[in-house]
Amino acid sequence: MAAIGIHTSIQGFGLSDDQSWDDGELAGAVRQATDDLDGFTFTVDDTGTPNYFDDYASLLRDKVVQYGGGDAPQDGVTVTPGGTDTDDDANLTVTADGADTGFCEHIERGRSKKDDYTPPGVTGGEGSLTYRGYRIAVTMRQGEC
């Protein structure tokens, strides 16, 4: 009976750990997300909207959650854009439920013609539409932006 109580207690500790982030988990996940996104290339449609993600905040949030590790939850991460962000220059603050520390991510977007994409035309030849390519540079520091 005592063994069952000990086992249940240990499982409870594991469960509570899985429901919130700690500072080390968040720092590691943000560091890996920063490394992964630094140099990230993408294309935009004719309105300037990225083709494969909604905005920098959602892209960064998804990467932080991806690198959270086995004990970190799959939610509870908040990425708050700065008030003066543009498509070319953005500051985002990353925080997570349970962690006391936040991180400031600075994203700079640069035009990258070599990453332009022109899909083939209907007949298989050169297409007439070109999606403009961009590359981002990402840096981080501890603290809010």
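Refer to the structure printed above.
So, how was this worked out
Residues numbered from 1 in each chain as written. Predicted model: local features only at pLDDT ≥ 70, side-chain atom pairs only at ≥ 80, totals over all residues. Heavy atoms only, no water. Salt bridge = Lys/Arg side-chain N within 4 Å of Asp/Glu carboxyl O. Buried < 20%, exposed > 50% of the residue type's maximum accessible area, 1.4 Å probe, protein only. Core = buried A, V, L, I, M, F, W, Y, C linked by side-chain atoms within 4.5 Å. Helix = DSSP H or I, 4+ residues; strand = E, 2+ residues; numbered from the N terminus. Contact = heavy atoms within 4.5 Å.

Draft legend 1. The arrangement of the pattern of salt bridges in detail. For the structure shown, the criterion picks out five salt bridges. Notably, a salt bridge pairs Asp-116 with Arg-111, separated by 2.6 Å at the nearest N-O pair. Residue Asp-116 is classed as partly exposed on the basis of its relative accessible area of 27%. Residue Arg-111 is classed as partly exposed on the basis of its relative accessible area, which comes to 39%.

Draft legend 2. A look at the nonpolar core. Formed by 29 residues in total, the largest nonpolar core has its most connected members in Trp-21, Leu-26 and Val-64. Those elements that provide at least two residues to this core are α2 (23–37), β1 (41–44), α3 (56–66), β2 (77–81), β3 (89–96), β4 (103–111) and β5 (132–142). With residues up to four places along the chain from it excluded, the contact list for Leu-26 reads Trp-21, Val-64, Val-94, Thr-95, Ala-96, Ala-99, Thr-101 and Phe-103.

Draft legend 3. Quick look at α3. Every buried residue belonging to α3 is among Tyr-56, Ala-57, Leu-59, Leu-60, Lys-63, Val-64 and Val-65, and all of these are buried. Its buried side turned inward, α3 meets α2, β1, β2, β3, β4 and β5.

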